[in-house]
Amino acid sequence: MAIITLTTDFGEKDHFAGAIKGEIYSELPDVNIVDISHSVSPFNIPEAAYIIFNAYSSFPKGTIHLIGIDSELNEENKHIAIKLDDHYFICANNGIMSMICAEIAPEKIVEINIHDKIDSNFPVLEVFVKVACHIARGGTLEVIGKQIKKIKPIKDVIPFVNDDKTQIIGSVIYIDNYGNVVTNIKKKFFESIQKGRPYEVSARNYKFRTIHHKYSEIVNFSIPPEKRNDEGRSLVVFNSSNYLEIAVYKGNPETVGSASSLMGLDLRDTVTINFLNE
Amino acid sequence: MAIITLTTDFGEKDHFAGAIKGEIYSELPDVNIVDISHSVSPFNIPEAAYIIFNAYSSFPKGTIHLIGIDSELNEENKHIAIKLDDHYFICANNGIMSMICAEIAPEKIVEINIHDKIDSNFPVLEVFVKVACHIARGGTLEVIGKQIKKIKPIKDVIPFVNDDKTQIIGSVIYIDNYGNVVTNIKKKFFESIQKGRPYEVSARNYKFRTIHHKYSEIVNFSIPPEKRNDEGRSLVVFNSSNYLEIAVYKGNPETVGSASSLMGLDLRDTVTINFLNE
Amino acid sequence: MAIITLTTDFGEKDHFAGAIKGEIYSELPDVNIVDISHSVSPFNIPEAAYIIFNAYSSFPKGTIHLIGIDSELNEENKHIAIKLDDHYFICANNGIMSMICAEIAPEKIVEINIHDKIDSNFPVLEVFVKVACHIARGGTLEVIGKQIKKIKPIKDVIPFVNDDKTQIIGSVIYIDNYGNVVTNIKKKFFESIQKGRPYEVSARNYKFRTIHHKYSEIVNFSIPPEKRNDEGRSLVVFNSSNYLEIAVYKGNPETVGSASSLMGLDLRDTVTINFLNE
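If you're wondering where the values come from, they're calculated on a predicted model, not measured in any experiment. (Residues numbered from 1 in each chain as written. Chains lettered and ligands numbered in written order. Predicted model: local features only at pLDDT ≥ 70, side-chain atom pairs only at ≥ 80, totals over all residues. Heavy atoms only, no water.)

## What to know about the overall build of chain A
(1) Moving on: Helix and strand content of chain A: six helices and 15 strands.
(2) Moving on: In terms of principal-axis extent, the alpha carbons of chain A reach across some 65 × 45 × 30 Å.
(3) Moving on: Here chain A holds 278 residues, and the buried ones make up 61% of them.
(4) Moving on: The contacts in chain A between residues at least 6 apart in sequence include a share of 69% that link residues at least 24 apart.
(5) Moving on: Accessible surface, chain A as shown: approximately 11,500 Å² in total, 48% of it carbon and sulfur.
(6) Moving on: Put simply, chain A has 29 plus and 36 minus side-chain charges, and the middle of one group is 6 Å from the middle of the other. (Helix = DSSP H or I, 4+ residues; strand = E, 2+ residues; numbered from the N terminus. Buried < 20%, exposed > 50% of the residue type's maximum accessible area, 1.4 Å probe, protein only. Contact = heavy atoms within 4.5 Å. Areas by Shrake-Rupley, 256 points an atom, 1.4 Å probe, with all protein chains shown as cover. Lys, Arg positive; Asp, Glu negative; His and termini not counted. Charge placed at Lys NZ, Arg CZ, Asp CG, Glu CD.)

Below, the structure is given as structure tokens:
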């Protein structure tokens, strides 16, 4: 049974996501529709890029990912379908796929051209669903579009490294449900520049000399629980998707505060790593 | 495989929606449960009416729609099941279905009467699920209720038109995830009064002389993107459900603001269209 | 087809829940994944305990419940799998299961020990999913863990009763989507102490002498609807899960206010019942 995933900024209340599911089941009764997220911030392309990049590879090969963010068709915002890593992605050509494509070369990109008879202001429903069902039935990309070579990029996907490789200047690309602050510095990239040198991570006035691999590494388990004060302490960690993340241990944006709220870190803010030559 | 959709005000956190799904699977293992929305504002009947009306028709004929809003049984709030447009709807007789029924005549309405042995304060779980599974198994409405002719209306479903047909007075019935403001003025209704005349749409102090069919129609693509200032501009559009909507281009209630927040438009506010006789 | 439910604090936006689903489908294509809640407040164990307790029993026997709250593995936070009431639960040994286990004796508890080759900072994805799929394929708990006898408790599961049984001192354990305030006083427990005596429920300065069984019991239906002022009135009710709840009739935290906001009641606040000896 084919799997179609949904990643949109439709929110949890409106009828849009429900209508999409109904439309898919109307066209293809035997399909498995899986919500990845409908709570992408409206029109926030980097956020959507981060979410789909870090969810897609858990799904089986052949999965079709429908991404509905800023997808109104106009002369600058065409629709595309991409085959990459044996997964299919259907979205607007607005930068969403550039984060994935920066790491994994697409096998095929087509610009969708089945719009001739569809003048829609709900293209996810009327165009993307048709394309997804076509692929789910085993159809090829060539039938629904013409091949193109390049997609639109987004900024800030790759951090900056200075000439003598003593500094990485990254930026905040995502703030998660716990208020933890995710940067564009990935573990492999970091290690390729670090080459074993000691380092210092800086974000605003905060400095860290250790990047942890688990949040609870900062807990001193030899002290009895009631005497500890680890909750609320900040740390740097490579998160489960291998991005450098500035976190607060057991943070909660609604109550005790989070890395974002307590340290004043927001999307696009700078995070710097300085390497110290021995 | 039967499809049962869920539209409720249970929210995203509580156990209610999960329990409903468990109960359905316990009674009917081979069924496809689809969430339309659990984030209807508590007890907000017009909002639920708008959501279910604009989602249901994307689903295949025969789909069963379970609607859990203000559904506690009492002498003024009976439970009903409706067959309409080859879809089934199960809800309280509190006005939710009057928006759909104003446009499409129901084939059959029954007042559910299987409550004799069920004294429940969670009727969606204990009554609606039973009715939904009965219908999914091919059961008829007559078995679970007695036929009635009329359902409870809600106000403001139809806009007001003055005697000489120079004015439509509509009102705001829904505010969507982007903060766009949806009125009760539908495209067909508008055109039946307009008859080709020029018009002016007024909401508070804002006036518009064009109703667009796509949001990006206001963008001047001949100007380079970095010099444009379309984002945040207000416009009037017939939305994807064909309702007249006052929108802000790429609005976001959390950051840059939205039609609702920037223009001070809220539920039940008036939106007027004046027609200009040549 | 096996059912796996998900209860987490991953939120609605992040990729975590989507990735979990993808991972399950990758390992087990024929499975039914059901979201119970992803909106548990971050690290809020009592909240998760209440949600899973009140959702699980609606599901068919044999259902596997995966609970992802505060599940990072460390020396104080081991992973467990529990068979109880013919359901399976997979979670961290952090107190989540103590509310259920206080009422229903577990058939078997194992401490999961398949971590040898998995050094993960996303154990729900890399450990819990493996365990869930193992159980779904008919595997036994002994294969994935070593049996233990006790689990970690949480506080405030059981209310306090004074020596002469004239008073129950309970506390607020959950605030629901309507802002209603749920206490740890269950109907059976209340009745076992009450033994038919009159009582007074106190919360802050508010006092109630009736516990209702339906919210609309406070409505006087003999008055015409437009002359009533029931909406916004506070009441005490045994809720659909049989917990004593302080509610506001048709409350809405976002608009008119709720029991929690109007009466200033929050998690862990005290609710007292005094029994009056005739």
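Picking up after the structure, the text goes on.
## Considering the interface of chain A and chain C
(1) Moving on: At the interface, 39 residues of chain A touch 29 residues of chain C.
(2) Moving on: The contact between chain A and chain C buries some 2,800 Å² in all, and 50% of this surface belongs to carbon and sulfur atoms.
(3) Moving on: Broken down residue by residue, the surface that chain A buries against chain C is led by S58, Y178 and F221 of chain A, which jointly contribute 21%.
(4) Moving on: Our enumeration of links across chain A and chain C arrives at three salt bridges.
(5) Moving on: Residue D70 of chain C pairs with K250 of chain A through a salt bridge whose shortest N-O separation is 3.0 Å.
(6) Moving on: For the pair chain A and chain C, the interface holds 19 residue pairs in polar contact (both at pLDDT 80 or more).
(7) Moving on: If you list the elements that add at least two residues to the side of chain A that touches chain C, you get strand 2 (31-37), helix 2 (45-56) and strand 9 (167-175) of chain A.
(8) Moving on: Among the residues making up the side of chain A that touches chain C, the classes are represented as 17 nonpolar, 15 polar and seven charged. (Buried area = accessible area lost by both parts, 1.4 Å probe. Salt bridge = Lys/Arg side-chain N within 4 Å of Asp/Glu carboxyl O. Polar contact = N/O pair within 3.5 Å; in protein donor to acceptor, adjacent residues only side chain to side chain. Nonpolar A, V, L, I, M, F, W, Y, C, P; charged D, E, K, R; others polar.)

## Some points on helix 5 (residues 187-194) of chain B
Residue and element names in this part refer to chain B.
(1) Moving on: Here helix 5 has its buried residues at F190, I193 and Q194. Burial along helix 5 is one-sided: seen end-on, the buried residues are contained in an arc of 100°.
(2) Moving on: Backbone geometry just after helix 5 places K195 at a positive phi near 50°. (Arc of directions from axis to C-beta.)

## Let's talk about the domain arrangement of chain A
Residue and element names in this part refer to chain A.
(1) Moving on: Once the domains are mapped, chain A shows domain 1 (3-147) and domain 2 (160-275).
(2) Moving on: Here domain 1 and domain 2 have C-alpha centroids that lie 32 Å from each other.
(3) Moving on: Taken together, the contacts link eight residues of domain 1 with eight residues of domain 2.
(4) Moving on: Taken over both partners, the interface formed by domain 1 and domain 2 buries close to 670 Å², and the fraction arising from carbon and sulfur atoms is 58%.
(5) Moving on: If you sort the residues of domain 1 by the area they bury against domain 2, E47, Y50 and N54 come out on top, with a joint share of 62%.
(6) Moving on: Applying the counting criterion to the domain 1 and domain 2 interface returns three residue pairs in polar contact (both at pLDDT 80 or more).
(7) Moving on: Top element by residues in the side of domain 1 that touches domain 2 is helix 2. It accounts for five residues. (Domains from an automatic or database assignment.)

## A word on the relation of the copies chain A and chain C
(1) Moving on: Laying chain A over chain C is done by rotating through 120° and shifting 0.0 Å along the axis; what remains is an RMSD of 0.0 Å. Here the two chains are linked by the operation of a three-fold rotation axis. Residue E12 of chain A of chain A places its C-alpha closer to the rotation axis than any other residue of that unit, at 4.8 Å.
(2) Moving on: The overlap is low: 5% of the interface residues of chain A also sit at the interface in chain C, so different surfaces are used on the two sides. (Least-squares fit on C-alpha atoms with pLDDT ≥ 70 in both.)

## Remarks on the sheet that holds strand 2 (residues 31-37) of chain C
(1) Moving on: If you trace the seven strands from one edge of the open sheet to the other, you get 2-1-3-5-4-6-7 (chain C), paired in mixed fashion. A strand with exactly one partner marks an edge of an open sheet, and here the two such strands are strand 2 and strand 7 (145-147) of chain C. Neighbour to neighbour, the strand axes of the sheet diverge by 25° on average, direction disregarded.
(2) Moving on: Sheet analysis places strand 3 (residues 64-68) of chain C next to strand 5 (residues 87-92) of chain C, joined by three bridges and oriented parallel. Within the sheet, the bridge partner assigned to L66 of chain C lies in strand 5 of chain C and is I90 of chain C.
(3) Moving on: Of the strands in this sheet, strand 1 (2-8) and strand 2 of chain C touch helix 1 (residues 16-27) of chain B, which is tilted by about 150° from strand 2 of chain C.
(4) Moving on: Most of the contacts of helix 4 (residues 123-136) of chain C go to strand 3 of chain C, to which it runs at about 170°, and overall it touches strand 1, strand 3, strand 4 (79-84), strand 5 and strand 6 (108-112) of chain C. (Pairing = 2+ DSSP bridges. Axes fitted to C-alpha atoms, helices over the stretch in contact; angles between N-to-C directions.)

## Some thoughts on the pattern of salt bridges
Residue and element names in this part refer to chain C.
(1) Moving on: Inspection of every chain in the model, using the stated rule, returns 36 salt bridges over all chains.
(2) Moving on: The salt bridge partner of K21 is D35, with a shortest N-O separation of 3.0 Å. Taken together, the residues span a long stretch of sequence, with K21 in helix 1 (residues 16-27) and D35 in strand 2 at a distance of 14 residues.
(3) Moving on: You can call K21 buried: its relative accessible area is 7%.

## A word on the packing of aromatic side chains
Residues and elements named next belong to chain C.
(1) Moving on: The tally for this structure, following the rule as stated, stands at 33 aromatic pairs over all chains.
(2) Moving on: Centre to centre, the rings of F16 and F122 are 5.5 Å apart; their planes meet at 85°, and the pair counts as edge-to-face. Placement of F16 in helix 1 and of F122 in the loop between strand 6 and helix 4 is noted, with a sequence separation of 106 residues between them.
(3) Moving on: For F16, a relative accessible area of 12% translates into the label buried.
(4) Moving on: Its relative accessible area of 7% is what places F122 among the buried residues. (Phe/Tyr/Trp six-rings, centres within 6.5 Å; stacked < 30°, edge-to-face > 60°.)

## Section: the interface of chain B and chain A
How large an interface is tends to be reported as the accessible area lost when its parts come together.
(1) Moving on: Contacts between the two partners involve 39 residues from chain B and, on the opposite side, 29 residues from chain A.
(2) Moving on: Across the interface of chain B and chain A, roughly 2,800 Å² is buried in total on both sides, 50% from carbon and sulfur atoms.
(3) Moving on: At the junction of chain B with chain A, the criterion picks out three salt bridges.
(4) Moving on: At the junction of chain B and chain A, the tally comes to 19 residue pairs in polar contact (both at pLDDT 80 or more).
(5) Moving on: Only strand 2 (31-37), helix 2 (45-56) and strand 9 (167-175) of chain B provide two or more residues apiece to the side of chain B that touches chain A.

## Focus on unusual backbone geometry
(1) Moving on: Even without being a glycine, R268 of chain A presents a positive backbone phi close to 75°.
(2) Moving on: Here R268 of chain A shows up in the loop between helix 6 (259-263) and strand 15 (270-275).

## What to know about the sheet that holds strand 2 of chain B
(1) Moving on: With mixed pairing, the seven strands of this open sheet are ordered in space as 2-1-3-5-4-6-7 (chain B). In this open sheet, the two strands that pair with only one neighbour each are strand 2 and strand 7 (145-147) of chain B. When the angles between neighbouring strand axes are averaged without regard to direction, this sheet yields 25°.
(2) Moving on: Here strand 4 (residues 79-84) of chain B pairs with strand 6 (residues 108-112) of chain B via four bridges, running antiparallel. When the sheet's bridge partners are listed, I82 of chain B is paired in strand 6 of chain B with I109 of chain B.
(3) Moving on: Its contacts with the sheet place helix 1 (residues 16-27) of chain A against strand 1 (2-8) and strand 2 of chain B, and it is angled at close to 150° to strand 2 of chain B.

## Concerning the state of the cysteines
Residues and elements named next belong to chain B.
(1) Moving on: Scanning all chains against the criterion turns up zero disulfides over all chains.
(2) Moving on: Free of any disulfide, C101 has its nearest neighbouring cysteine sulfur in C91, separated by 8.7 Å.
(3) Moving on: Overall, the relative accessible area of 18% leaves C101 in the buried class. (Disulfide = S-S within 2.5 Å.)

## Notes on the pairing of strand 10 (residues 181-186) of chain B
All names here are of chain B.
(1) Moving on: Counting buried positions along strand 10 gives six out of six residues, so the element sits mostly inside the fold.
(2) Moving on: Examined bridge by bridge, strand 9 and strand 10 share three bridges and lie antiparallel to one another. Within strand 10, the position partnered with I175 by the bridge is V181.
(3) Moving on: Counting the residues between successive antiparallel strands, the hairpin from strand 9 to strand 10 contains five residues, one of them, G179, with a positive phi of roughly 75°.
(4) Moving on: Of the pairings in the sheet, the one linking strand 10 to strand 15 (residues 243-248) comprises three bridges and is antiparallel in character. Paired with V181 across the bridge in strand 15 is I246.

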